[in-house]
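# Per-entry structural report
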Amino acid sequence: MNYQHFLFSQLFMNHIETNETRYKDLSYDTIYGEVLMHLDEFSSSNFNVDTRSEYDCITDYLSHNILNN
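Here we summarise the structure given alongside this text. Throughout this description, residue numbers start from 1 for each chain and increase along the sequence as written. Totals for whole chains, interfaces and linings use all residues, but because this is a predicted model, local features are given only for residues with pLDDT of at least 70 and pairs of side-chain atoms are given and counted only at 80 or more. Computation of side-chain values covers all heavy atoms of the structure but excludes hydrogens and water.

### Considering the packing of helix H1 (residues 3-18) against helix H2 (residues 28-43)
Keep this limit in mind: Axes here mean lines fitted to C-alpha atoms, for a helix over just the part in contact, with angles spanning 0 to 180 degrees between N-to-C directions. Numbering goes from the N terminus for both helices and strands, where a helix is a DSSP run of H or I of at least four residues and a strand is a run of E of at least two. Oblique is the label for every angle not falling under 35 degrees (roughly parallel), over 145 degrees (roughly antiparallel), or within 65 to 115 degrees (roughly perpendicular). For a crossing to be left-handed, the near helix must be turned anticlockwise from the far one by less than a right angle; the clockwise case is right-handed. Only heavy atoms matter for contacts: two residues are in contact if any of them lie within 4.5 Å across the pair. Residues are grouped as follows: Ala, Val, Leu, Ile, Met, Phe, Trp, Tyr, Cys and Pro are nonpolar; Asp, Glu, Lys and Arg are charged; all remaining types, including Gly, are polar.
Orientation of H1 relative to H2, taken along the N-to-C sense of each, is 120°, at an axis distance of 10 Å. The angle between H1 and H2 places the two elements in the oblique class. Between H1 and H2 lies a crossing whose hand is right-handed. Mapping the contact onto sequence places Gln4, His5, Phe8, Ser9, Phe12, Met13, Ile16 and Glu17 in H1 and Tyr28, Ile31, Val35, His38, Leu39, Phe42 and Ser43 in H2. The residue inventory of the contact of H1 with H2, partitioned by class, reads 9 nonpolar, 5 polar and 1 charged.

### Some remarks on the pattern of salt bridges
Spelled out, the test is: Each reported salt bridge corresponds to a side-chain nitrogen of Lys or Arg within 4 Å of a carboxyl oxygen of Asp or Glu. Exposure classes here rest on a 1.4 Å probe applied to the protein chains alone. A residue is buried below 20% of its type maximum, exposed above 50%, and partly exposed in between.
Going through the model one piece at a time under the given rule, you end up with 2 salt bridges. One salt bridge connects Glu20 with Lys24, and the closest N-O pair in it is separated by 3.9 Å. For Lys24, a relative accessible area of 34% puts it in the partly exposed group. Between Asp60 and Arg52 there is a salt bridge, with its nearest N and O atoms 2.6 Å apart. Since its relative accessible area comes to 39%, Arg52 is described here as partly exposed.

Coordinates in, geometry out; function isn't part of it.
Here is the structure:
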């Protein structure tokens with residue numbers, strides 16, 4: 001696991017725990033695949049840029065792609 005993977009997974013879990021999302025009630029077994037899928041999507045998205053901090057890029061991605069129910 002590298003820093004980006006760690007940061008993304010921590011921010012993802014924080015985001016779904018503090019917002020009403022479709023992921024809120026999923027078990028850890030199920031959520032793992034979803035985190036990996038979103039990490040791949042983030043990595044190739046327009047949110048992943050070198051001109052901003054990794055933290056800001058990830059939180060923007062989550063805010064725009066992990067929507068509230």
